[in-house]
Amino acid sequence: VIKYISHIFHISAERSDRLPRALVPTEYNISITPYFYNDDPSTFNVSGHVQINFKCQETTDTIVLNSKNLSISDVYIVMNGESIVPDEVKFEAEFLLIKSPVSLEPGHDYQVDITYLALLNYQSSPPEGLMYENYLENNTTRSVLPSRS
């Protein structure tokens, strides 16, 4: 069984359906660490950290992100290099709403910094979230996080 893997990757985004039109993501920096500590798949999880850089197109005070099956532990909004604690962080349906203490203004660049925990999904169909797969090796079931392009 895989006990620990750490993987850091960088994704450049031209557009994203996860943010409203007022906010256009320009870059995602994601770090994930999956944990397979025992043979009980219900405990397979991943801790993660994401920094999303975006440009503001319209005045807003709320950042909306997809958050299905995530448990959020820390959230910061970065403005002019300074980390600011949001006024409110709440879940609505499958979305995370982050309310800024000040308005986000058009033409300015901002960043949201989030630390989270998520359970891993088993080969779901249709594919949903980060998934693990099992394989057999010497009559022992092993688990792996597959990578597909």
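These figures come from a predicted structure and were not determined experimentally. (Residues numbered from 1 in each chain as written. Predicted model: local features only at pLDDT ≥ 70, side-chain atom pairs only at ≥ 80, totals over all residues. Heavy atoms only, no water.)

### Considerations on the packing of aromatic side chains
The tally for this structure, following the rule as stated, stands at one aromatic pair. Look at Phe 54 and Tyr 110: their rings are 6.2 Å apart centre to centre, the planes differ by 35°, and that puts the pair in the tilted class. Linking Phe 54 in strand E3 (residues 45-56) with Tyr 110 in strand E9 (residues 109-119), this pair joins segments that are 56 residues apart in sequence. Grouping residues by exposure puts Phe 54 and Tyr 110 together as buried. (Phe/Tyr/Trp six-rings, centres within 6.5 Å; stacked < 30°, edge-to-face > 60°. Helix = DSSP H or I, 4+ residues; strand = E, 2+ residues; numbered from the N terminus. Buried < 20%, exposed > 50% of the residue type's maximum accessible area, 1.4 Å probe, protein only.)

### Section: the pattern of salt bridges
Taken as a whole, this structure holds three salt bridges when the rule is applied. Lys 99 serves as the salt-bridge partner of Asp 61, at 2.4 Å between the closest nitrogen and oxygen. Of this pair, Asp 61 sits in strand E4 (residues 60-66) while Lys 99 sits in strand E8 (residues 95-104), placing them 38 residues apart in sequence. The exposure class assigned to Asp 61 is partly exposed, which follows from its relative accessible area of 27%. With a closest N to O distance of 3.2 Å, Lys 90 and Glu 92 form a salt bridge. Residue Lys 90 is classed as partly exposed on the basis of its relative accessible area, which comes to 31%. (Salt bridge = Lys/Arg side-chain N within 4 Å of Asp/Glu carboxyl O.)

### A short note on the side chain of Gln 111
Looking at where Gln 111 falls in the secondary structure, it is placed in strand E9. Judged by its relative accessible area of 16%, Gln 111 falls in the buried class. In this structure the side chain of Gln 111 is engaged in a polar contact, spanning 2.6 Å, whose partner is the side chain of Asn 53. When residues no more than four places from it in sequence are discounted, the contact partners of Gln 111 are Gln 51, Ile 52, Asn 53, Phe 54, Tyr 76, Ile 77 and Val 78. (Polar contact = N/O pair within 3.5 Å; in protein donor to acceptor, adjacent residues only side chain to side chain. Contact = heavy atoms within 4.5 Å.)

### Concerning the pairing of E3
Remark: a regular strand shows side chains that alternate across the two faces of the sheet. Direction of pairing for strand E2 (residues 23-35) relative to E3: antiparallel, over a ladder of 12 bridges. What sits directly across from Pro 25, in E3, is Phe 54. Pairing geometry for E3 and E9, over 11 bridges, is antiparallel. When the bridges of E9 are listed, Lys 55 appears paired with Asp 109. (Pairing = 2+ DSSP bridges.)

### A closer look at the sheet that holds strand E10 (residues 121-122)
Within the open sheet, the three strands sit side by side as E10-E11-E12. Their pairing is mixed. A single partner strand is all that each edge strand has here, and the edge strands are E10 and strand E12 (140-144). Taken together, the five bridges between strand E11 (residues 131-137) and E12 define a ladder with antiparallel strand orientation. Each bridged residue has a counterpart across the sheet, and for Glu 137 the counterpart in E12 is Thr 140.

### Section: the nonpolar core
Residues Phe 54, Ile 63, Ile 98, Leu 104, Val 112 and Ile 114 are the most contacted members of the largest nonpolar core, which totals 29 residues. Every element with two or more residues in this core is listed here: E2, E3, E4, strand E5 (70-79), E8 and E9. (Core = buried A, V, L, I, M, F, W, Y, C linked by side-chain atoms within 4.5 Å.)

### Section: the confidence of the model for the protein
Looking at the protein, pLDDT values average 80 and 80% of them are 70 or higher. Averaged pLDDT values over the elements of the protein bottom out at 40 in strand E1 (residues 7-12) and peak at 95 in strand E6 (residues 82-84). Predicted confidence is poor over residues 1-18, with pLDDT under 50, and the contacts of this stretch with residues over four places away or in other chains come to 46 contacts. (pLDDT = per-residue confidence, 0-100.)

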